[in-house]
Structures are given as C-alpha cells and as structure tokens.
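Here is how the chains run, residue by residue.
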Amino acid sequence: MTNAEQTATTFSADAFAPLAQDQDVQSISRPSLSYWQDAWLRLRANRRALISLWLVVGLLLFTFLGPVIWQIDPTIQDVEQISQAPGANRSVTLVAEYEPWQGQGSSRFAFAETPTTQSVRLQWENFNPSYGYRVYRTPYSIGPERAFGLPLAETLDPFFEDRLDLRPMNYYYTVMAIDADGANTNNYHTIEGTVARVITLEDARSRGLVTTQANPPIGTKYEFAWHPLGTDYLGRDMLARLMHGARVSLFIGFFAPFLYVLIGVIYGSTAGFIGGVTDQAMMRFADFVVALPFLLFMILFKVMTNTGPGESGIIPMLFAMVVLLWPATARLVRGQILQIREEGYISAGRLLGAKTNYLVLRHMIPNTMGVILVTVTFAVPSAIFTEAFLSFIGMGVAPPTPSWGSMCNEGIKTMLTHPHELIFPALFISITVLAFNMLGDGLRDALDARMRNRE
Amino acid sequence: MVEPPATDSESAFAQTAGKQLLVFGGVAFVAIAILMLALQALTNLMASNTTTAQAIDDVNNMISIAIREEPPQLNSTVATDASSGMIIGHVFEGLLRMNAKDQLEAGIAHKWHVTDTQVHFWLRTDARWSDGSTITAQDFVFGWQTALSPEVASEYAFLLFHIKNGRAINAGELPASELGVSTPNDFELIVQLERPVAFFDKMVTFPTYLPVPQKFYQATAGKYGADASELLYSGPYTISNWVHGSSLLLEKNEHYWDKDRIAIDKINIAYITSDSTASLNFFKDDKIATTTLTAENLDSALEERWQIKKHQDGAIFFLEFNHRKSHITQNYNLRRSMQLVLDMEELVYKVTKLPGYLPGESLFPEFLMGVETHFRKEYPATKNVLDRVRAREHIKLAKHELGLEAIPPLMLLTGDNAVSNIQAEWVQASLKKHLDLDIRIDKQIFKQRLAKMTAGEFDMVLAGWGPDYDDPLTFGDLFASWNLNNRGRYASDAMDGFISQVQDSVDPATRMRLFAQIQQLVYDDVVILPMYERGVTYVVHPRLKGMKRRVIGPQVDFTNAYIEPVSVN
C-alpha cells in the first residue's frame, strides 16, 4: 500500500448496477472430480502402481480362491515323496508287501533283488568272518580318498538289508571287513546300483491310485500325486501349504497395520491438533508404550487370553501388535499436524468459520496421507516378518497350520539340499512386500492432496 | 531465476558460517573416530587371547575340538550334563575305568574284590592329585559323603544309594559319618552295600563316585569346580585355561600316575556352540578335529567325501503316556490303538533319515549285555504288527469305556529342536490320518519340558532316557511306581514286583529273565511306545586316531587317541 494521494473520480449511478449473470463464466470445461476420482485417475497413470495393484489382487485370489481350486489338504504327509522338487519324476512301480528277509547266501557281492525304495538287499561271500563287516552307501563314486559314505551297519552275517531313506537314484554300496577294533581294513568290495521307486498295493489303494476292488499285477506302473511346487520335509504339498499359509500371513499383514495405523492417526492428530498440555501428556504416554518390550507383552497376552500350547497364537499376536505398535504412526502424524496447523490455509479456513472436524478431516488428514501411507507400506511387510519370527519361536501358528514365515524357517534348514522349500515361501513374501511397497508409493503420489491438479 | 548477486557482507557471513560448519564437522568426525577406536580397544582388552584353532597342531601335539555348551561347573559330585561329563572324563579318574574296548580296567584302585554285600578296593600308592599330594581312600569317602549330603542336593545322589545308609544320609535321617564305607589305611577302601548289587564295580566309573580332596574342597569355600583354579585333578589332563563362555584348554597332567598312556599333550576346546552348521564349517575349515552331523548336512558331508562314522549312543526315545487318572491316556484301549498304527520303521527310515538310528522295539537298547551275549539277542522283543482295523476297534472301545462321543484333543509335549519337531508333526499327522485323533503340539525348551513332565502337564510326551550305568536296570527300573523319573506315573503291581525282584537278585540268569518280563509288560500294557534308539553320525580328522565314543561315561574320549604322523612318501 502506498500513501499516494487518491485521485478524485466521478462515478455515474450506472456504475453501481449489479453485473448481469454471465453463464459462460460459470460453465466448467472439464467434469468435476472428487478427491477419490482424481486419485484413481493418477494411480491409473502410474504403471508400476497398477502392476503392483494387480499383484495384490492376484495374491488375494490365490489366498481365497486358490484352496477352492487346488483342493489338497496341506497337512497330509506323504512319506514316499519327502522334499520332492517341483517336476520330479513321479513314476512308481507296484511291488509286493514288505517281508522280512534273512539272506540266502551268495558267492559274490551282489544285490539279492532289484534294488527298490522299499529295500535294498545285499549279500556277499563270507570273506572275513572273524570280526564282521561294515556296510556303506554313497551316491558318489569312490575315489582314492576311500570315502565310502554313510556307514549303515556293522554285521556278522554275510547279508544286509538297507531301508534307510532310499531315493530313486544311483548308489554305491561297499561292504568292508573290519578288524578286532572295528576299524576298516583293506578288504572291501563295492557295487553300483540304481534304486527304483516302488509302492505296495495297500499304499496304492490308500492313495487312490488303485480302486479297492482292482487287483493289478506286480510291476504295474503308476504316477504319484502331482505336486506342482514340490513337497516339504514331511512330504506335504507346497502349493497347498503356501495357499493356506497366505491366510495367516496376509491376515496379520493387513489387519495389524490397518488397525494400529488407524489408532496412531486418531491419537496423533488429536494430540497435535489440541496441543499444549494435552499434547505433552499424550505423547509422554506414547513414549511409555514404545518402551514396553514387544515379546514380553506378546507372551503376557498369550497367557491372558488363555491360549494353551498347541493352539494358534494369531489373535494374541494381532492384539499385541495393535496395542504396542501404534506410537510410531502417532508421532509422525502429530508432527505433521503440528506443522499443518500453522499453515496459512488453516488460518484462512478458521477465519471463514470452518469447524474443527472439517479442518481436520478436509485439510489436515489428507495432507498427512503421504506420511500415513509410507507408514502402512512399511508396516505390512514388517507385520508379515513379525508373524514369521513369532511362529518360529513357537508363539505364532501351531503346527500343522502353515504360515509363510514358519515355512521359511523350516526351509532354511535344508536350503542347500532342497532349495525349493525355502525359495517358494521366500518368493511369496518378497513379492508381497514388493507389491505393497510399489503400491504404497503410487498411492502416496495419488492421494497426496498437494499433488492434486498436477500432471 | 537469477540469484541476486550477494553483497560483500553476505558472502563474508557465508564464508564464516561455512568455516564454522567445517570445523564442527571435523571435530565431530575426529571425536567419533576416537570413540570408535577406544571402544574397539576396550573390547579387545575384555576378550582375552583367543587362540587360533587348528584341528591338528603337530608342533604342540595338540588337537582342537568344539563342545555344545559350557559346563556349568566341574564339581563331580553334582555334574549332570553331557559337556561336564565329557570334560570330567578327561580330567578325573576314579577307582576303576573303562578301557578302549569298554572293559573294566584298574584305575586308582589296582585291585578289587566283590562279594555279595561288600566290595574291597586296594588303591595304588603312586596316584597323585595335580598338586602332587597323594590320593587316599579318605578322598573317596569324602567325595561320596559330599554327593550324598542333603545340602549339596546332587541329582545323581541316587547312584550312591547302593552303599549302606546312602539313602538315609541323603534324606537327612543319618549323619554322613554313618555311610557304610571304611578305610583300614590310606590305601584300602571297604564298601558295605545296602543289598547285593550285581554291577557295583561298573558303577564306580561314574563321576559321582570320583574322589574329592577334602582340604582343598573346604578351602574353596563353596566354589569348588567353578573355575580351573578351583579344582584338583586326578586324571590324565588338567585344565590350564578356562575362558568362560569361550574356550577351555586341557593339558597333560604331569602328576597322573599313568601319564605314559596319554599320547596327546593338549586338547583345545576352542569353540562352544550348539549350532551344528557352525561346527560343520569349523571342521570344513580345519579348525576342529571332529564334529557330529545332522540329517541336513549329511549330503554335504557325502559330497566332501569325508570318512563318516556312526555310533549308537545307547539312548532310547519313546512316546510316554500320562497314566494319571485325570488323563484319558490312562485308558489301555486308547494307548493300544496308537501302538497299532504308529509305524516306527517309517519314522526312522523315511522321516528322521539318519544312519545309526534304529526303530524302537523295546525299552532296552541293543548295547545292553545279557548273560552270554546281548540281552536283545537272548530275549528278542515282541514284534509290533500294525493293524489299522483293530486299532479302530480299540478306539471305539476306548470311547465307550471313557463315555465320550469323541476323543478330545491330546496334548503332545516335545522339545524345541529340529528332530523333535519333525517327529512330533509326524506323530500328529499319523494319528490324525489313521485314528482321526487331534493332537496339539506343546514345544518347550529342555528344562521347561522336564518341569512339565514332572508336573504331569501332558497327555503324551516325546521322552528319552540315556543309560547311567552299564546294566539293564538303568532302564528296567524306570517305570517303578516309586521312581521319580517315571513321569507318566505308571503304576502296576506286576511292574513293581518285577523291579523289586531284580533289585534283590544277583544271579545274572534270573535278572535277565526278569528284565525280559519287564520288556514284555511294557509292550503288553503299552506303558510307552518305543520310538527309536538314537545314533550319532560324526566325522573325525583322518589323522586323529583312537578317538572313542562311549555309551556310558564321557561321550567322546581322547585318552586313547593319538595323532598319526604325516606319512612321508
């Protein structure tokens, strides 16, 4: 404003007549968009976010529709197909019921019968009867280092029956004469043989490969049940376990963050908006909650809810997470609200007579949406991991209920020999986490009120 | 936009501010660096000289090994765990010892004579404690009195109950001086027995029977065995360095009477870890001379082409039922139905998958000796024939007897290690599949599992039992109604009768016949379901010879071991 002198102007009465309503000024060239419509438009434009949205939808379908389509019980153990990789050979031959065997005597070291997964029967000529023999087995050929493999047994008889964890593969069997101290001697023989996978009639019937009436001849070929993603350490179908495990993992992954972020937003915005002593008191209480040890409280809740051993600890887990994890969100939201409260447009809104509710819901929360979404994005994977960890220490799901985390923890023990048991659940956790991260990123851009009307 | 040119005063201000910031940054950086180095130096000070382990050290004639956990202390009167047992076996020697072929051999006693209720030991006069003082008969008496005293509360005091008045002294009813032992002179020890014990000479190899030097014990003021300096050693090795939580170093005992027998000068217990993968990697890196293998790392051991060995450690594992009236597992038909469906061969051959494990058939493991040969050869256990149809009939009977529409979920108590987990889940799935029984698994750490077993908070438990002495009685008296290790509180007059008769008898033939009856009763009444006999699969450095794994006594024994010289070609 200047202090320049006002120039005197003369007005006619016409100048004070109201302007005629001009329709053209009021017309809107583009359709009016609500907040959500606008957000959806911007989300659709973001390709990464859209892909991750589809991934999340796919995961939900996998969880809810999957078990309807793939109706395999995830708790059924198939001891003939333990730790099978996907796409493993499933052919199997029918054999007679197992009968104990006592050897028949042989003039040389040989298989008494065709080696099968039911039993491998070896017999040999008595070449050193004084102290007995030791029988070894290995899948690797025996070189100069004389590593004969697994010692299966010490025996005085010139025959041996091996039934330990036989797999349809090639084995080298060694029979070694031992001395008085039980040490190996230089007197040994090795043979090589391929073990065939077999099944008994009763077993075939219980698997539904053969009807109860049918009596097929010995030697008939069958195929074991198909496990698209292989089986775990107890022969349970991995795909079915992943589908059922997803329920637990996604339940915790969705609900815990949703609930505690909601509580955090309400708490934080209240504290931030009211400010002053109330704010101080509320935030000191939040600090107090942060200091509570999560694991200890988890155990206390479990005791409190009377969750006995062998029962699922998912509900106490959810409760513990909701009760203990909200302060982080509350702090973030409070900080944002404190900042936004002093912004010009809030003051303007107040001057125009906006009510508190309107200010908070219309201006403040939408402006903190970015922060909230980032929190949620990080909370989902961390909730999934927390569930995994708690299931591992026996506080989470009770066997045989699977969850991705407990499957990983079981799979890691056999990581080197049967990697698929770790890779599949880990892959699902990774995909879920990635999808939520990218979706959260896109949502933040789409929902942030400050990004509105920008292309 | 174009920045307006900064005025002189502004740029000068910016310069000072920049300088200040630089100085602050520099100071902060230096301070953090100094703090870091100081902390590093402090941690180094705290961590004492960690020797670099070498599996076989020819220069020092030393081997390095790892143990699973640190011994809580090495006081032989109260030691219970396997790690303590292993070290005690190397640093102490008692009246008698087991040789490399598991035969009884003279130790500090060079001669002994056993009659029905009296055992006479003659001690050698050249046996010395590691401080050079003579080991006398009085040291044994003091050791036994200490182990029996109610204040010491040794868990293994019951092993001394064979000695006259032992039980009464432990209960606090008689003073320690009333123990049935006498010492005519420093080198003679006469033990009166409560009743005839057929295997007392084998019992004295157990750590609880070791001598304890009275003066030294009293001088330590309750810290006996807590550290290397709080011990006197009677055995082949002494502990020269004990870094708690990290390592122990055993060195040849110069005062040991039989020191020429010992070929290895030093045993470096370089690592304390219960992680089998870590031990495997130490072995792979040539840092330790032996390690055990688990089912998971068996394949890599095969691929490395190591010489794999196996050993039956004498422990049996079984599914124990709760026979208390408040638990439905006290119903015979319910237990019988489980006996008829659980296929222990499937468990051992397909699920546990470790060599050395044997499917459980009996309460008595295979290593136990009978009259002439192995007990199990003389009295084979009844073969359990699976029959699912009959099992379902028994379940129906059980429901009828219990007056239940359906069997409620049963609580299966188990340990928290990988092997027990798999087994518990297998039991759970098998019973669900064949009998439609719901099983809840209760995983607990070892101590908590024992506490729950003692309190009877289970329907079934995956339990195990290792032998305390080399006689079938160590297993045979497990299910006596008065035995506190009978966690399921099984009580039957027949069982109690057999056990009393065995305890009163010294005739081998009669005893074995009674053990066979116990074996049969365990099967007929389904007291437990034997699951498997445990085996140990392990690898040893190819140059370390003579290492012995034992069923009774120290699990691993290096006293007969030696390092094979490198062959010169």
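No experiment lies behind these values; they were computed from the predicted model shown. (Residues numbered from 1 in each chain as written. Chains lettered and ligands numbered in written order. Predicted model: local features only at pLDDT ≥ 70, side-chain atom pairs only at ≥ 80, totals over all residues. Heavy atoms only, no water.)

Novice: Even after reading the chapter, I still don't get the overall build of chain B, so can you show me in this structure?
Specialist: A tally of helices and strands in chain B yields 17 helices and 22 strands. Along the longest, intermediate and shortest principal axes, the C-alpha atoms of chain B span 110 × 70 × 60 Å. Burial statistics for chain B: of 569 residues in total, 52% are counted as buried. Intrachain contacts of chain B at a sequence separation of at least 6 include 67% that bridge at least 24 residues. For chain B, the exposed area adds up to about 26000 Å²; of that, 53% sits on carbon and sulfur atoms. One finds the centroid of the 53 positive side-chain charges in chain B at a distance of 4 Å from the centroid of its 70 negative side-chain charges. (Helix = DSSP H or I, 4+ residues; strand = E, 2+ residues; numbered from the N terminus. Buried < 20%, exposed > 50% of the residue type's maximum accessible area, 1.4 Å probe, protein only. Contact = heavy atoms within 4.5 Å. Areas by Shrake-Rupley, 256 points an atom, 1.4 Å probe, with all protein chains shown as cover. Lys, Arg positive; Asp, Glu negative; His and termini not counted. Charge placed at Lys NZ, Arg CZ, Asp CG, Glu CD.)

Novice: When you look at the sheet that holds strand β8 (residues 188-192) of chain B in this model, what are you seeing that I'm missing?
Specialist: Strand pairing in a sheet relies on backbone hydrogen bonds. The paired strands run either parallel or antiparallel. Residues and elements named next belong to chain B. Pairing in this open sheet of four strands is antiparallel, and the strands run β5-β6-β8-β7 from one edge to the other. At either margin of the open sheet sits one strand with a lone partner, and together these are β5 (109-114) and β7 (181-182). Note: β7 against β8, two bridges, orientation antiparallel. Each residue of the ladder has a partner; that of Ser 182, found in β8, is Ile 190. Relative to β8, helix α3 (residues 137-148) is tilted by about 35 degrees, and along the sheet it contacts β6 (118-123), β7 and β8. (Pairing = 2+ DSSP bridges. Axes fitted to C-alpha atoms, helices over the stretch in contact; angles between N-to-C directions.)

Novice: Teacher, can you tell me more about the nonpolar core here?
Specialist: Nonpolar side chains tend to gather and get buried jointly when the protein is soluble and globular. Counting residues in hydrophobic clusters, the biggest one holds 74 residues, and the most contacted among them are Leu122(A), Tyr173(A), Leu319(B), Met338(B), Leu431(B), Leu437(B) and Met460(B). Here this core takes six residues from helix α13 (residues 418-435) of chain B, the largest share from any one element. For Met338(B), the contacting residues outside a window of four places in its chain are Phe321(B), Leu410(B), Leu431(B), Leu435(B), Leu437(B), Met460(B) and Leu529(B). In this structure, Phe161(B), Val191(B), Phe458(B) and Ala463(B) belong to the second largest nonpolar core, which totals 71 residues. (Core = buried A, V, L, I, M, F, W, Y, C linked by side-chain atoms within 4.5 Å.)

Novice: Looking at this model, I keep getting lost on the interface of chain A and chain B. Mind explaining?
Specialist: Interface size is often expressed as the accessible area that is lost when the parts come together. Taken together, the contacts link 40 residues of chain A with 34 residues of chain B. Roughly 3400 Å² of surface becomes buried between chain A and chain B when both sides are summed, with 56% attributable to carbon and sulfur atoms. Applying the counting rule to chain A against chain B returns three salt bridges. Of the charged contacts in the structure, one is a salt bridge between Glu345(B) and Arg163(A), with a shortest N-O distance of 2.6 Å. (Buried area = accessible area lost by both parts, 1.4 Å probe. Salt bridge = Lys/Arg side-chain N within 4 Å of Asp/Glu carboxyl O.)

Novice: Mind showing me how you'd approach the packing of helix α8 (residues 294-304) of chain A against helix α9 (residues 314-325) of chain A here?
Specialist: Pairs of packed helices are described in terms of their axes, by the angle between the two and the distance that separates them. Residue and element names in this part refer to chain A. Look at α8 against α9: their axes get within 9 Å of each other, and the N-to-C directions meet at 135 degrees. Regarding the angle of α8 to α9, the classification is oblique. In this structure, α8 crosses over α9, and the sense of that crossing is right-handed. When α8 is examined against α9, the residues Phe 294, Phe 297, Met 298, Phe 301, Lys 302 and Met 304 are found in contact with a partner set consisting of Pro 316, Met 317, Phe 319, Ala 320, Met 321, Val 323, Leu 324 and Leu 325. Across the contact of α8 with α9, the residue classes tally to 13 nonpolar, no polar and one charged. (Parallel < 35°, antiparallel > 145°, perpendicular 65-115°, else oblique. Left-handed = near helix turned anticlockwise from the far one by under 90°. Nonpolar A, V, L, I, M, F, W, Y, C, P; charged D, E, K, R; others polar.)

Novice: In this structure, what is going on with the packing of aromatic side chains? I would like to understand it.
Specialist: Each aromatic ring pair is specified by the distance between its two centres and by the angle formed by the two planes. The full count for this structure, using the stated rule, is 38 aromatic pairs over all chains. Each ring, one from Tyr156(B) and one from Phe158(B), has its centre 5.9 Å from the other, and the planes form 45 degrees; the classification is tilted. Judged by its relative accessible area of 16%, Tyr156(B) falls in the buried class. The exposure class assigned to Phe158(B) is partly exposed, which follows from its relative accessible area of 33%. Ring centres of Phe200(B) and Tyr209(B) lie 5.6 Å apart, and the angle between their planes is 85 degrees; this geometry places the pair in the edge-to-face category. The same class applies to Phe200(B) and to Tyr209(B), which are both buried. Ring-pair connections join several aromatic residues into one group, and the members of that group are Tyr267(A), Phe285(A), Phe288(A) and Trp326(A). The ring of Trp122(B) carries the charged tip of Lys111(B) above its face, separated from the ring centre by 4.4 Å. Above the ring of Tyr538(B), the side-chain terminus of Arg549(B) is found at 4.7 Å from the ring centroid. (Phe/Tyr/Trp six-rings, centres within 6.5 Å; stacked < 30°, edge-to-face > 60°. Lys NZ or Arg CZ within 6 Å of the ring centre and 35° of its normal.)

Novice: Could you clarify how one ought to interpret the environment of Met512(B) in this entry?
Specialist: For Met512(B), the location among the structural elements is in helix α17 (residues 508-524). According to the relative accessible area criterion, Met512(B) is buried, its value standing at 4%.

Novice: When you look at the environment of Val303(A) in this model, what are you seeing that I'm missing?
Specialist: Residues and elements named next belong to chain A. Assignment of secondary structure puts Val 303 in helix α8. Among the residues examined, Val 303 registers a relative accessible area of 57% and is labelled exposed. Distance in space between the C-alpha atoms of Val 303 and Asn 187 is 63 Å, their sequence separation being 116 residues.

Novice: Sorry, what's going on with the side chain of Ser83(B) here?
Specialist: All names here are of chain B. Tracing the chain through its elements places Ser 83 in helix α2 (residues 82-91). Residue Ser 83 is classed as buried on the basis of its relative accessible area, which comes to 6%. Contacts of Ser 83, omitting those with residues within four sequence positions, involve Arg 68, Glu 69 and Pro 71.

Novice: In this structure, what is going on with the confidence of the model for chain B? I would like to understand it.
Specialist: Any segment with low pLDDT has predicted coordinates that should not be analysed in fine detail. Looking at chain B as a whole, its pLDDT mean stands at 88, while 97% of the residues score no less than 70. Interface predicted TM-score (ipTM) for the complex: 0.76; the corresponding pTM is 0.76. (pLDDT = per-residue confidence, 0-100.)

Novice: Teacher, can you tell me more about the sheet that holds strand β9 (residues 237-243) of chain B here?
Specialist: Residue and element names in this part refer to chain B. The strand order across the open sheet built from five strands is β1-β2-β11-β10-β9, with neighbouring strands paired in mixed fashion. In this open sheet, the two edge strands, each paired with only one partner strand, are β1 (56-57) and β9. Against the sheet, α2 contacts β2 (62-67), β9, β10 (247-252) and β11 (266-272), and its axis sits at roughly 135 degrees relative to β9.

Novice: How do you make sense of α2(B) when you look at a structure like this?
Specialist: For an α-helix, the turn length of 3.6 residues means that residues three or four places apart are oriented alike. Residues and elements named next belong to chain B. Burial analysis of α2 places eight of its ten residues in the buried class, the great majority of the element. Listing the buried residues of α2 in full gives Ser 83, Ser 84, Gly 85, Met 86, Ile 87, Ile 88, His 90 and Val 91. Close packing links the buried residues of α2 with β2, β9, β10, β11 and β21 (556-557).

Novice: Just checking my understanding: could you explain the side chain of Thr375(A) for this structure?
Specialist: Residue and element names in this part refer to chain A. Residue placement: Thr 375 occurs in helix α12 (residues 356-392). For Thr 375, a relative accessible area of 13% puts it in the buried group. Thr 375 has contacts with Val 261, Thr 329 and Leu 332, leaving out every residue within four places of it along the chain.

Novice: What should I look at first to understand the domain arrangement of chain B in this one?
Specialist: Residue and element names in this part refer to chain B. Taken domain by domain, chain B holds domain 1 (63-267 + 541-557) and domain 2 (312-535). A straight line from the C-alpha centre of domain 1 to that of domain 2 covers 33 Å. Carbon and sulfur atoms supply 62% of the area that domain 1 and domain 2 bury against each other, a total of about 1300 Å² over both sides. When the area that domain 1 buries against domain 2 is broken down by residue, the three leading residues are Phe 199, Val 551 and Ile 552, summing to 39%. Counting every contact that joins domain 1 to domain 2 gives one salt bridge. The interface formed by domain 1 and domain 2 holds four residue pairs in polar contact (both at pLDDT 80 or more) in total. Here the residues of the side of domain 1 that touches domain 2 are counted per class, giving eleven nonpolar, no polar and three charged. (Domains from an automatic or database assignment. Polar contact = N/O pair within 3.5 Å; in protein donor to acceptor, adjacent residues only side chain to side chain.)

Novice: What am I meant to see in the packing of helix α6 (residues 238-274) of chain A against α9(A) here?
Specialist: Residue and element names in this part refer to chain A. Their axes nearest at 8 Å, the elements α6 and α9 cross at an angle of 30 degrees. Judged on the interaxial angle alone, α9 and α6 are roughly parallel. The crossing of α6 and α9 is right-handed. Facing α6, whose interface residues are Val 248, Phe 251, Ile 252, Phe 255, Ala 256, Leu 259, Tyr 260 and Ile 263, α9 presents Ile 314, Ile 315, Met 317, Leu 318, Met 321, Val 322 and Leu 325.

Novice: I would appreciate a short explanation of helix α16 (residues 493-504) of chain B in the present structure.
Specialist: In a regular helix each residue adds 1.5 Å, so twelve residues correspond to 16 Å; α16(B) covers 16 Å between its end C-alpha atoms and thus fits that length. Contacts from the buried residues of α16(B) go to α15 (473-476) and α17 of chain B. (Expected span 1.5 Å × (residues − 1).)

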